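# Observations on chain architecture
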Amino acid sequence: SITNDERSWEKYYAYVLPNNNVQQLFRLSSLRGHLAPRGGASNACDASKPYSDSAHITIELISDDYVTIAGDEVLLIVGTEAEIWRYQLNIE
């Protein structure tokens, strides 16, 4: 999960590094989206569905060809203009 600590709306992006054939081995639940300002924001159209200041991103291995990258450094990178989150993926 990532959380926006800024007072403004932030667009986020998620991707896997290295940026070669490794990306074809994974499926991300959300490649991009928007985070509401810190604390969330109300939804004028539907008060029961406020905008969230966080996002939950999942990653799924979708190929049996992971043996080719076993032991290599693979990272899940999620970033906004203000912050970057790095998660090391252990492939064994």
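Everything numeric here is computed off the predicted structure, so don't read it as measured data.

Rules used in this analysis
- Residues numbered from 1 in each chain as written.
- Predicted model: local features only at pLDDT ≥ 70, side-chain atom pairs only at ≥ 80, totals over all residues.
- Heavy atoms only, no water.
- Helix = DSSP H or I, 4+ residues; strand = E, 2+ residues; numbered from the N terminus.
- Buried < 20%, exposed > 50% of the residue type's maximum accessible area, 1.4 Å probe, protein only.
- Contact = heavy atoms within 4.5 Å.
- Areas by Shrake-Rupley, 256 points an atom, 1.4 Å probe, with all protein chains shown as cover.
- Pairing = 2+ DSSP bridges.
- Core = buried A, V, L, I, M, F, W, Y, C linked by side-chain atoms within 4.5 Å.
- Axes fitted to C-alpha atoms, helices over the stretch in contact; angles between N-to-C directions.
- Polar contact = N/O pair within 3.5 Å; in protein donor to acceptor, adjacent residues only side chain to side chain.

### Comments concerning the overall build of the protein
- Helices and strands together make up the secondary structure of the protein, namely zero helices and eight strands.
- In the protein, the order of α-helices and β-strands from amino to carboxyl end is β-β-β-β-β-β-β-β.
- Counting the 92 residues in the protein, one finds 33% classified as buried.
- For the protein, restricting intrachain contacts to residue pairs at least 6 apart in sequence, the fraction spanning at least 24 positions comes to 62%.
- A total accessible area of about 6300 Å² is found for the protein, and carbon and sulfur atoms account for 45% of it.

### Examining the pairing of strand β7 (residues 74–79)
- Among the six residues of β7, six are classified as buried, and the element is accordingly described as predominantly covered.
- Burial of the side chains of β7 extends over both faces: Val 74, Leu 76 and Val 78 are buried on one face and Leu 75, Ile 77 and Gly 79 on the other.
- Both β7 and strand β8 (residues 84–89) contribute to a ladder of six bridges, which runs antiparallel. Bridged to Leu 75 within β8 is Gln 88.
- Counting the residues that bridge the hairpin from β7 to β8 gives four residues.

### Some points on the nonpolar core
- With 17 residues, the main nonpolar core has Ile 2, Tyr 12, Phe 26, Val 74 and Val 78 as its most contacted residues.
- Of all the secondary structure elements, the ones that give two or more residues to this core are β2 (10–17), β3 (26–28), β7 and β8.

### Let's talk about the sheet that holds β2
- The strand order β4-β2-β7-β8 describes an open sheet built from four strands, whose pairing is antiparallel. Among the strands making up the open sheet, the edge pair consists of β4 (32–35) and β8. Here the strands of the sheet are splayed against their neighbours by 20° on average, with no regard to which way each runs.
- With four bridges connecting them, β2 and β4 associate as antiparallel partners.

### Some remarks on the side chain of Thr 80
- Within the fold, Thr 80 resides in the loop between β7 and β8.
- Those residues in contact with Thr 80 that sit more than four places away from it in its chain are Glu 10, Lys 11, Tyr 12, Leu 35 and Trp 85.

### What about the side chain of Asn 43?
- Inspection of the secondary structure assignment puts Asn 43 in the loop between β4 and β5 (54–55).
- A polar atom in the side chain of Asn 43 sits 2.9 Å from the backbone nitrogen of Cys 45.
- Ignoring sequence-local partners within four residues, the contact set of Asn 43 consists of Lys 49, Pro 50 and Tyr 51.

Nothing here speaks to function; it is geometry throughout.
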